[in-house]
12 protein chains.
Amino acid sequence: MSDSVYKVVELVGSSDKSWEEAAKNAVETAGKSLKDLRVAEIRKLDLKIENGKVVAYRAKVSLSFKYGLGG
Amino acid sequence: MSDSVYKVVELVGSSDKSWEEAAKNAVETAGKSLKDLRVAEIRKLDLKIENGKVVAYRAKVSLSFKYGLGG
Amino acid sequence: MSDSVYKVVELVGSSDKSWEEAAKNAVETAGKSLKDLRVAEIRKLDLKIENGKVVAYRAKVSLSFKYGLGG
Amino acid sequence: MSDSVYKVVELVGSSDKSWEEAAKNAVETAGKSLKDLRVAEIRKLDLKIENGKVVAYRAKVSLSFKYGLGG
Amino acid sequence: MSDSVYKVVELVGSSDKSWEEAAKNAVETAGKSLKDLRVAEIRKLDLKIENGKVVAYRAKVSLSFKYGLGG
Amino acid sequence: MSDSVYKVVELVGSSDKSWEEAAKNAVETAGKSLKDLRVAEIRKLDLKIENGKVVAYRAKVSLSFKYGLGG
Amino acid sequence: MSDSVYKVVELVGSSDKSWEEAAKNAVETAGKSLKDLRVAEIRKLDLKIENGKVVAYRAKVSLSFKYGLGG
Amino acid sequence: MSDSVYKVVELVGSSDKSWEEAAKNAVETAGKSLKDLRVAEIRKLDLKIENGKVVAYRAKVSLSFKYGLGG
Amino acid sequence: MSDSVYKVVELVGSSDKSWEEAAKNAVETAGKSLKDLRVAEIRKLDLKIENGKVVAYRAKVSLSFKYGLGG
Amino acid sequence: MSDSVYKVVELVGSSDKSWEEAAKNAVETAGKSLKDLRVAEIRKLDLKIENGKVVAYRAKVSLSFKYGLGG
Amino acid sequence: MSDSVYKVVELVGSSDKSWEEAAKNAVETAGKSLKDLRVAEIRKLDLKIENGKVVAYRAKVSLSFKYGLGG
Amino acid sequence: MSDSVYKVVELVGSSDKSWEEAAKNAVETAGKSLKDLRVAEIRKLDLKIENGKVVAYRAKVSLSFKYGLGG
């Protein structure tokens with residue numbers, strides 16, 4: 001039954017517009033090599049600041065995909 | 001003093017645009033029958049993925065409303 | 001080495017549009033007096049509700065800045 | 001063995017005197033319709049403030065009772 | 001988009017054999033009335049003891065099902 | 001929209017009678033200078049002990065008030 | 001420096017009046033044999049219910065005392 | 001009211017078959033000397049591995065029993 | 001001293017019988033390529049449900065193995 | 001009883017030698033203006049890295065001091 | 001299989017030099033009577049302060065040893 | 001914007017001297033192949049014990065580096 005084993009990874013995506021786009025960047029970058037992603041949980045949201053202004057929205061996402069297929 | 005008792009429920013809303021709209025869907029669906037909602041806390045955010053693409057933003061919200069008025 | 005000591009504060013920002021704007025309001029209000037902000041972590045997201053409708057998105061952010069420069 | 005299934009609910013009670021009375025209000029309001037309550041765990045305590053004065057003590061309690069008997 | 005709103009409930013199941021059976025009792029009791037259950041997360045495991053012996057295994061499970069269909 | 005930014009502070013109050021009075025002392029001491037307090041969450045309760053006897057009940061409370069008005 | 005080693009224990013006290021008295025019962029029962037108690041942190045508060053009424057307030061307290069002096 | 005004071009202890013049991021048996025070993029070993037055990041909460045489950053194979057299931061359980069009766 | 005560095009990974013195993021078998025599937029699938037596994041901590045247990053019936057028990061396990069040997 | 005109210009602040013100290021020195025820097029910088037510090041809890045430890053090398057140890061500490069005396 | 005039951009205790013050690021020495025003091029004080037200690041997890045680090053200076057580093061450690069051998 | 005995606009990994013380092021050296025071993029072993037490490041958060045500290053003596057200090061660190069560059 002080893003085909004039903006999944007691996008969990010955490011990625012951090014970034015966007016200058018929104019946390020939705022930051023999470024999407026992380027997921028879709030991973031999705032190029034990982035074909036079996038189904039759900040991604042948000043672990044943390046933060047903001048990068050320069051000169052008192054918000055310059056990026058960042059989202060840490062937890063992804064699971066079939067073990068043995070890279071990552 | 002039983003009129004001041006509140007019940008807490010958790011709902012999960014979904015949207016293909018944003019977590020704001022996902023949370024709003026959950027709150028406003030509940031709001032049709034629950035007249036005394038005042039605040040909703042976000043418990044969890046996640047993403048639904050199909051073919052390596054994000055297809056939905058989901059938000060789990062915790063709502064409180066007067067006990068005895070449904071839910 | 002006291003110049004490397006930072007203080008952590010928590011602020012809650014609000015917006016009728018999005019959590020991104022709520023967090024940005026908190027950070028940029030603080031940024032007027034605090035010149036050394038670099039990162040802000042999101043501690044909590046919630047919603048203010050009136051008459052069954054969402055009227056504000058609120059974000060609690062944790063900021064750190066050099067100790068001794070106000071706050 | 002379905003008769004041994006319990007449901008968990010969270011209620012928030014309020015009192016102008018004490019958290020004990022706040023929790024008791026929540027439990028005993030529920031107890032009117034739920035005959036099988038045995039234990040209630042405190043999940044959160046807070047205070048309502050008006051004009052710089054404490055006007056209410058509130059307690060969020062988690063209750064379990066037999067599934068299928070309302071709630 | 002209200003059809004995509006889910007409600008989360010917590011149930012406690014019990015068994016004299018295993019936590020698997022305890023969780024299954026909770027889920028399948030709920031499943032009689034709730035047709036759209038898909039996943040159940042375990043929130044807590046405990047044991048009931050009498051005269052120094054384990055007499056029951058109990059599992060608290062968190063279930064989500066479509067809002068408006070009972071619960 | 002900077003007028004809607006709030007700051008969060010934590011205070012510890014003390015009383016030889018009850019946690020209610022301990023929390024009230026913290027809130028009402030702060031309330032002398034902070035006019036816009038509305039809610040205070042309890043973060044921790046503890047006891048001070050001398051010679052095997054409880055001599056004080058202490059409550060750590062988290063307060064939010066309008067940013068820029070002191071604290 | 002072994003004289004400065006402390007041991008941590010958790011006790012649950014009970015009272016039909018208040019959580020303050022429940023915690024005090026736990027501390028002062030322990031205090032009969034443990035001479036060096038200085039602080040006790042509250043880990044959990046709950047309620048015992050019979051026939052829909054609150055019959056006891058219970059407090060779980062964490063105590064530390066010098067290692068080697070019983071407990 | 002000192003007769004109503006309970007002490008909490010944590011034990012780790014082990015089994016080569018199941019977590020149920022691991023927890024039962026911990027509880028029933030304690031039960032030989034502690035006559036008043038009523039409930040045991042599971043705090044952690046883990047596995048011991050040798051040569052890439054699972055050789056034991058381990059369960060950390062939290063037990064409470066009347067203070068003054070050993071432990 | 002780099003030979004003493006370990007890497008932590010999280011895997012999710014699945015079984016239609018028990019959480020023990022689910023965890024074992026995850027560990028032993030990993031164990032085929034990772035020779036130095038010694039302990040695996042359970043991070044989460046859940047259930048997959050179809051048509052109101054439990055169809056799989058799933059366990060998320062955290063494993064550590066020598067860094068540089070794959071994973 | 002307002003003299004017994006304490007305020008809690010979080011500071012982050014830094015050192016190129018150890019977390020002990022990082023925490024000490026935070027405490028003793030604060031100690032110049034805050035005369036009543038008695039205990040500081042460590043909330044988080046981290047490392048700053050440049051070119052693959054550790055360049056600073058950082059400690060986030062939580063301090064409490066008498067309310068009304070600065071901070 | 002009762003010989004494989006372990007008991008968990010928490011001790012707090014102290015040192016004027018480092019948290020390593022504080023934890024070591026706790027472990028080695030316990031180690032005089034407990035022969036089967038194998039691992040100790042750090043639960044909390046703090047600092048004792050007098051006159052604005054750090055006077056002790058303290059570490060709370062969680063130890064497990066064979067049940068029935070003291071502690 | 002895939003160039004801004006980071007991956008998070010957890011490593012456990014070990015030292016017979018200090019947790020600082022344990023964390024440094026983990027970071028600098030990883031730093032040989034991962035050029036873009038900037039910060040490492042400490043997730044857990046523990047001690048390895050043999051014959052009642054501390055033989056190693058271990059630190060679990062969480063590192064993030066650019067996705068696609070190994071790990």
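Asks: Looking at this structure, how should I read the overall build of chain A?
Replies: Each helix and strand counted, chain A has 1 helix and 3 strands in total. Counting from the amino terminus, helix and strand elements in chain A follow one another as β-α-β-β. In summary, chain A has a C-alpha radius of gyration of 14 Å against a globular reference of 11 Å for 71 residues, an excess of more than 25%. Summarising its shape, the C-alpha atoms of chain A cover approximately 55 × 20 × 15 Å along the three principal directions. In chain A, buried positions account for 63% of the 71 residues.

Asks: When you look at the environment of L:A26 in this model, what are you seeing that I'm missing?
Replies: Relative to the elements of secondary structure, L:A26 occurs in helix α1 (residues 19–31). We classify L:A26 as buried; its relative accessible area is 0%. For the pair L:A26 and L:K7, spaced 19 residues apart in sequence, the C-alpha to C-alpha distance is 16 Å. For L:A26, the contacting residues outside a window of four places in its chain are I:V5, L:L11, L:V12, L:G13 and L:V61.

Asks: I tried to follow the environment of C:E10 on my own but got confused; where do I start?
Replies: Secondary-structure assignment places C:E10 in strand β1 (residues 6–15). Expressed as a C-alpha distance, the spacing of C:E10 and C:K24, which sit 14 residues apart in the sequence, is 13 Å. Aside from chain neighbours lying at most four places away, what touches C:E10 is C:R43, C:K60, C:V61, C:S62, F:Y6, F:K7 and F:V8.

Asks: Mind showing me how you'd approach the interface of chain A and chain C here?
Replies: Interface size is commonly expressed as the accessible surface area that is lost when the partners come together. With 15 residues of chain A at the contact, the number on the chain C side is 16 residues. Approximately 1,200 Å² of surface area, both sides summed, lies buried where chain A meets chain C, with 61% of it carried by carbon and sulfur atoms. Considering only the side of chain A, the residues that lose the most area to chain C are A:W19, A:L47 and A:I49, jointly responsible for 41% of the buried surface there. In this structure, C:E41 engages A:K44 in a salt bridge whose closest nitrogen and oxygen atoms are separated by 3.3 Å. Linking chain A with chain C are 6 residue pairs in polar contact (both at pLDDT 80 or more). If you list the elements that add at least two residues to the side of chain A that touches chain C, you get α1 (19–31), β2 (39–50) and β3 (53–66) of chain A.

Asks: Help me understand the relation of the copies chain E and chain I, please; the structure alone is not making it clear to me.
Replies: Between the two copies of the chain lies a relationship made up of a rotation around an axis and a movement along it. Laying chain E over chain I is done by rotating through 120 degrees and shifting 0.0 Å along the axis; what remains is an RMSD of 0.0 Å. Interpreted geometrically, this transformation is the action of a three-fold axis. Interface overlap between copies: only 19% of the residues of chain E at the interface are likewise at the interface in chain I, consistent with a contact formed by different surfaces.

Asks: Explain the relation of the copies chain A and chain C here, please?
Replies: Between the two copies, chain A and chain C, the superposition gives an RMSD of 0.0 Å; the rotation angle is 120 degrees and the shift along the axis is 0.0 Å. An asymmetric contact is evident, with only 20% of the interface residues of chain A recurring at the interface of chain C.

Asks: In this structure, what is going on with the confidence of the model for chain A? I would like to understand it.
Replies: Note that predicted coordinates carrying low pLDDT should not be read in detail. Averaged over chain A, the pLDDT score is 88; the fraction of residues at 70 or greater is 90%. Two summary scores accompany this predicted model of the complex, namely pTM at 0.93 and ipTM at 0.93.

Asks: Where do I start with helix α1 (residues 19–31) of chain H in this structure?
Replies: Within an α-helix, residues lying three or four positions from one another point in the same direction, as the helix has 3.6 residues per turn. For α1(H), built from 13 residues, the straight-helix expectation of 18 Å at 1.5 Å per residue is met to within 8% by its first-to-last C-alpha distance of 18 Å. Of the residues flanking the start of α1(H), the one acting as N-cap is H:S18, its side-chain oxygen 3.5 Å from the backbone nitrogen of H:E20.

Asks: Just to check I follow, could you spell out the packing of aromatic side chains for this structure?
Replies: Aromatic ring pairs are described here by two measures, namely the spacing of the ring centres and the angle between the planes. All names here are of chain J. Applying the stated criterion to the full structure yields 12 aromatic pairs over all chains. Ring centres 5.3 Å apart and planes at 80 degrees place the aromatic pair W19 and Y57 in the edge-to-face group. Here W19 is found in helix α1 (residues 19–31), whereas its partner Y57 is found in strand β3 (residues 53–66), with 38 residues between them in sequence. We classify Y57 as buried; its relative accessible area is 5%.

Asks: What is the right way to look at the interface of chain E and chain I in this model?
Replies: With 16 residues of chain E at the contact, the number on the chain I side is 15 residues. Our count for the chain E to chain I interface comes out at 2 salt bridges. Counting the contacts that link chain E with chain I gives 6 residue pairs in polar contact (both at pLDDT 80 or more). Elements with a contribution of two residues or more to the side of chain E that touches chain I: α1 (19–31), β2 (39–50) and β3 (53–66) of chain E. The element that contributes the greatest number of residues to the side of chain E that touches chain I is α1(E), accounting for 7 residues. Along the lines of polarity and charge, the residues of the side of chain E that touches chain I split into 10 nonpolar, 1 polar and 5 charged. Bridge count between β2(E) and strand β2 (residues 39–50) of chain I: 3 bridges; the pairing is antiparallel. Paired with E:A40 across the bridge in β2(I) is I:L47.

Asks: In this structure, what is going on with the arrangement of the chains? I would like to understand it.
Replies: Kept free of each other, chain C and chain G leave a smallest C-alpha distance of 23 Å between them. Spatially, chain E and chain G are disjoint, and the shortest separation between their C-alpha atoms is 16 Å.

Asks: Just to check I follow, could you spell out the pairing of strand β3 (residues 53–66) of chain D for this structure?
Replies: Residue and element names in this part refer to chain D. Among the 14 residues of β3, 11 are classified as buried, and the element is accordingly described as predominantly covered. Looking at chain direction, strand β2 (residues 39–50) and β3 are connected through 10 bridges and run antiparallel. Within β3, the position partnered with E50 by the bridge is K53. Linkage of β2 to β3, two consecutive antiparallel strands, is achieved through a turn of 2 residues, within which N51 is found at a positive phi near 50 degrees.

Asks: How should I be thinking about unusual backbone geometry in this particular structure?
Replies: Excluding glycine, residues mostly carry a negative phi; peptide bonds, for their part, are mostly trans. Residue and element names in this part refer to chain C. Of note, N51 is a non-glycine position whose phi angle comes to about 50 degrees, a positive value. Inspection of the secondary structure puts N51 in the loop between β2 (39–50) and β3 (53–66). For N51, a relative accessible area of 78% translates into the label exposed.

Asks: Help me out: how do you make sense of the pattern of salt bridges in this one?
Replies: Close approach of charged atoms allows side chains with opposite charge to pair. A full pass over the atoms with the stated rule returns 83 salt bridges over all chains. Between C:R43 and C:E10 there is a salt bridge, with the nearest N and O atoms lying 3.8 Å from each other. With C:R43 in strand β2 and C:E10 in strand β1, this pair connects stretches of sequence that are 33 residues apart. Owing to a relative accessible area of 39%, C:R43 belongs among the partly exposed residues under this scheme. A salt bridge links L:R58 to L:D46; its shortest N-O distance comes to 2.9 Å. Remark: L:D46 occurs in strand β2 (residues 39–50) and L:R58 occurs in strand β3 (residues 53–66); sequence separation between them is 12 residues. Like L:R58, the residue L:D46 is buried in the burial classification.

Asks: Where do I start with the nonpolar core in this structure?
Replies: Looking at soluble globular proteins, one finds that nonpolar side chains tend to be buried together. Counting residues in hydrophobic clusters, the biggest one holds 69 residues, and the most contacted among them are D:L47, D:L63, F:L47, F:L63, G:L47 and G:L63. The contacts of G:L63, once residues within four sequence positions are left out, are F:I49, G:K7, G:V8, G:V9, G:L11, G:V27, G:A30, G:L37, G:V39 and G:A40.

Asks: I keep staring at the side chain of F:R58 and nothing clicks. Help me out?
Replies: Reaching out from F:R58, the side chain makes a polar contact with the side chain of F:D46 at a distance of 2.9 Å. Excluding anything up to four places from it in sequence, F:R58 contacts F:V12, F:G13, F:S14, F:W19, F:A22, F:K44, F:L45, F:D46, F:L47, F:K48 and G:V39.

Asks: I tried to follow the environment of B:V5 on my own but got confused; where do I start?
Replies: Looking at where B:V5 falls in the secondary structure, it is placed in the segment before β1 (6–15). Judged by its relative accessible area of 0%, B:V5 is buried. Between the C-alpha atom of B:V5 and that of B:K66, which follows or precedes it by 61 residues, the distance is 6.1 Å. If sequence neighbours within four positions are ignored, B:V5 has contacts with B:K66, B:Y67, D:L11, D:V12, D:N25, D:A26 and D:T29.

Asks: Just checking my understanding: could you explain the side chain of K:S15 for this structure?
Replies: Checked against the element boundaries, K:S15 lands in strand β1 (residues 6–15). Reaching out from K:S15, the side chain makes a polar contact with the side chain of K:E21 at a distance of 2.8 Å.

Parameters and conventions
- Residues numbered from 1 in each chain as written.
- Chains lettered and ligands numbered in written order.
- Predicted model: local features only at pLDDT ≥ 70, side-chain atom pairs only at ≥ 80, totals over all residues.
- Heavy atoms only, no water.
- Helix = DSSP H or I, 4+ residues; strand = E, 2+ residues; numbered from the N terminus.
- Rg over C-alpha atoms; globule rule 2.2 N^0.38 Å.
- Buried < 20%, exposed > 50% of the residue type's maximum accessible area, 1.4 Å probe, protein only.
- Contact = heavy atoms within 4.5 Å.
- Buried area = accessible area lost by both parts, 1.4 Å probe.
- Salt bridge = Lys/Arg side-chain N within 4 Å of Asp/Glu carboxyl O.
- Polar contact = N/O pair within 3.5 Å; in protein donor to acceptor, adjacent residues only side chain to side chain.
- Least-squares fit on C-alpha atoms with pLDDT ≥ 70 in both.
- pLDDT = per-residue confidence, 0-100.
- Expected span 1.5 Å × (residues − 1).
- Phe/Tyr/Trp six-rings, centres within 6.5 Å; stacked < 30°, edge-to-face > 60°.
- Nonpolar A, V, L, I, M, F, W, Y, C, P; charged D, E, K, R; others polar.
- Pairing = 2+ DSSP bridges.
- Core = buried A, V, L, I, M, F, W, Y, C linked by side-chain atoms within 4.5 Å.

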